[in-house]
Amino acid sequence: MVSSPITTRMRAILQKDMVREFLAEFMSTYVMMVFGLGSVAHMVLGNKFGSYLGVNLGFGFGVTMGVHVAGNISGAHMNAAVTFTNCALGRMSWKKFPVYILGQFLGSFLAAATIYLLFYSAIIEFSGGHLAVTGPTATANIFATYLPDRLTLWMGFLDEVIVTGILQLCLFAITDKENNPALQGTQALVIGILIIVIGVSLGMNTGYAMNPSRDLPPRFFTYIAGWGIQVFRVRDWWWVPVVAPLLGAYLGGIIYLVFIGSSITQRPQILENSMVYEDRRIPVLPKTMQIPSMTSSLTPVSVTPANRPLAQTVPPLSDPIHLEHF
């Protein structure tokens, strides 16, 4: 089968690292958001079919699936705050930042459109045909987070900073090979569990957005899909899930690197002519050592295992340490 020039050119484009990373962030974010927003739709619209725990499970395992989709290609950030922190701390080039963000935003926007299409009839039935942002028949909260009346704007801001900081700190811990990382092949599951734990313990106040890519694109979709400008005006909340996670993730990353990363004990250097045994450094004696004999201080004696003094005897590596050896 002969490939056409267009097919060949497309393959060449898709094999470029930047393009592959863009597509990886796009697809992984789409998968995460479809599962997450779908679980919220069940809670808001489905009565007995959904619950707050279901939302946490949906987002948590959605993240797990997203990591499986793109983990070895782009790192599966799926989060603009995580991408920003990696760039700001020198772990990733800034030239990749717009590529990752564009992929995440498009994936999240398309996921919102998918959920709207799948649940359109349920949304109309629940809301009586009026797409409300607030009130008992509000449905905009399926797609984006909104500040509850009991919290002030700045308390909500602080909540998002702290929660996102904890997220980033734990992500660094899970992936830090010099510390105690998740076992190879389990990172996706552990990160998903982390999202679930954050949701069930800290998600009540602001809906734990923790992610500009999770909140802003679906909010913009609701704006053009019929909910109107109110999605940006209600309590002036829209900018908080964009700015606060960036600050929180950056602070969380710095805290981990300063207090944990910099204090990790480096592996000790093995000195020449020595061996490491049960965390003790024991000098290895040469095959022959010229030492004075008991009969003459001038006659050299070759030390062999048979005549080596007891104090110089070293137990073999296969034997356990016994106090009588020392």
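Residues numbered from 1 in each chain as written. Predicted model: local features only at pLDDT ≥ 70, side-chain atom pairs only at ≥ 80, totals over all residues. Heavy atoms only, no water.

1. Here's the deal with the overall build of the protein
To be explicit about the condition: Only DSSP runs of H or I reaching four residues or more are called helices, and only runs of E reaching two or more are called strands; each is numbered from the N terminus. Burial here depends on accessible area, computed with a 1.4 Å probe over protein chains only, as a share of the maximum for the residue type. Under 20% is buried, over 50% is exposed, and the range in between is partly exposed. Residue contacts are counted whenever heavy atoms from the two residues lie within 4.5 Å of one another. Here the accessible surface of atoms and residues is derived via Shrake-Rupley with a 1.4 Å probe, and residues count as covered only by protein chains that are part of the display.
Along its length, the protein carries eleven helices and four strands. Taking all 326 residues of the protein together, 40% fall into the buried category. The long-range share in the protein, meaning contacts at least 24 apart out of those at least 6 apart in sequence, stands at 70%. Carbon and sulfur atoms form 65% of the exposed surface of the protein, whose accessible area is close to 18700 Å².

2. Considerations on the pattern of salt bridges
Formally: Salt bridges are defined by distance alone: a side-chain nitrogen of Lys or Arg within 4 Å of a carboxyl oxygen of Asp or Glu.
The tally for this structure, following the rule as stated, stands at two salt bridges. One salt bridge in this structure joins E21 and K96, with 3.0 Å as the shortest N-O distance. Separated by 75 residues along the polypeptide, E21 in helix α2 (residues 17-45) and K96 in the loop between α4 (80-88) and α5 (97-118) bring together distant segments of the chain. By relative accessible area, which is 8% here, E21 ends up buried. Accessibility expressed as a relative area gives 21% for K96, which makes it partly exposed.

3. Remarks on the UniProt feature "transmembrane region" (unreviewed entry) in the protein
Counted only if it meets this: UniProt positions are given in the numbering used here, feature names are shortened, and annotations may be inferred rather than shown by experiment.
UniProt's feature table lists "transmembrane region" (unreviewed entry) at residues 21-45, 51-70, 99-123, 153-174, 186-210 and 237-259, given in the numbering used throughout. The span residues 99-123 is 96% helical and 0% strand by assignment, and the distance between its end C-alpha atoms comes to 33 Å. Span residues 153-174 is 100% helix and 0% strand, its end C-alpha atoms 32 Å apart.

4. What about α5?
Where we set the bar: Each residue after the first adds 1.5 Å to the expected span of a helix.
Over its 22 residues, α5 extends 32 Å from the first C-alpha to the last, a length consistent with the 32 Å expected when each residue adds 1.5 Å. Taken as a whole, α5 has its buried residues at V99, Y100, I101, G103, Q104, G107, S108, A111, A112, T114, I115 and Y116. The secondary structure elements touched by the buried residues of α5 are α2, α4, α6 (120-127) and α9 (212-227).

5. Considerations on the confidence of the model for the protein
Note the cut-off: Confidence of the predictor in every single residue is expressed as pLDDT, which spans 0 to 100.
On average, the protein scores 85 in pLDDT, and the residues at 70 or more come to 80%. Here residues 268-326 is modelled with pLDDT under 50, and outside its nearest four sequence neighbours on either side it reaches 53 contacts, counting other chains as well.

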